[in-house]
Amino acid sequence: MSDTPPDHLSTNPRSPHFDMEVLQRGIGIRFKGRERKDVEEYSISEGWIRVAAGKTRDRHGNPLTIKLTGEVEAWFENPADGAEDKAADAE
């Protein structure tokens, strides 16, 4: 698995951009220079994130989200499986 997070990722299982393996590694998001933990979906190339709009729900019970635009950075919080083995071999 790559050390570069995907350009577009969503936490909603119904989304075509949902990837459980990537989400299990943990994704860190920095938006406009500030770390965010409440991101539902992001796109690095398009420069936006989606966050929940308070406790508001749509008619299907899903949280309403708002789209914020700005500079987006993403990184993996945990190394890939086998990456630790490669690092140990290099030493």
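Owing to the predicted nature of the structure, the values given are computational and were not obtained by experimental measurement.

## Structural notes on the overall build of the protein chain
Assigned secondary structure in the protein chain consists of 2 helices and 7 strands. Seen in sequence order, the protein chain has helices and strands lined up from the N terminus as β-α-β-β-β-β-β-β-α. When each of the 91 residues of the protein chain is scored for burial, the buried share is 27%. Long-range contacts, defined here as pairs at least 24 residues apart, represent 52% of the contacts in the protein chain between residues at least 6 apart. By element, 46% of the accessible surface of the protein chain is carried by carbon and sulfur atoms, the whole surface being about 6,400 Å².

## Structural notes on the packing of aromatic side chains
Applying the stated criterion to the full structure yields 0 aromatic pairs. Against the face of Phe-76 rests Arg-25, its NZ or CZ located 3.6 Å from the ring centre. Looking at Lys-67, its charged tip hangs above the ring of Trp-48, at a distance of 4.7 Å from the centre.

## Quick word on the sheet that holds strand 3 (residues 34–36)
Here 3 strands make up an open sheet; going across it, the order is 3-2-7 and the pairing antiparallel. Both outer strands of the open sheet, strand 3 and strand 7 (72–76), are each paired with one neighbouring strand and no more. Neighbour to neighbour, the strand axes of the sheet diverge by 30° on average, direction disregarded. Of the strand pairs in this sheet, strand 2 (residues 27–31) and strand 3 are connected by 3 bridges, and their pairing is antiparallel.

## Quick look at unusual backbone geometry
Located in the positive-phi region is Lys-32, a residue other than glycine, with phi close to 55°. With respect to the secondary-structure elements, Lys-32 resides in the loop between strand 2 and strand 3.

## A look at the environment of Pro-5
Within the secondary structure, Pro-5 is located in the segment before strand 1 (8–10). As a C-alpha pair, Pro-5 and Glu-73 span 68 residues in sequence and 9.6 Å in three-dimensional space. The contact partners of Pro-5, leaving out residues within four places of it in the chain, are Ile-27, Tyr-42, Ala-74, Trp-75 and Phe-76.

The rules behind each value
- Residues numbered from 1 in each chain as written.
- Predicted model: local features only at pLDDT ≥ 70, side-chain atom pairs only at ≥ 80, totals over all residues.
- Heavy atoms only, no water.
- Helix = DSSP H or I, 4+ residues; strand = E, 2+ residues; numbered from the N terminus.
- Buried < 20%, exposed > 50% of the residue type's maximum accessible area, 1.4 Å probe, protein only.
- Contact = heavy atoms within 4.5 Å.
- Areas by Shrake-Rupley, 256 points an atom, 1.4 Å probe, with all protein chains shown as cover.
- Phe/Tyr/Trp six-rings, centres within 6.5 Å; stacked < 30°, edge-to-face > 60°.
- Lys NZ or Arg CZ within 6 Å of the ring centre and 35° of its normal.
- Pairing = 2+ DSSP bridges.
- Axes fitted to C-alpha atoms, helices over the stretch in contact; angles between N-to-C directions.

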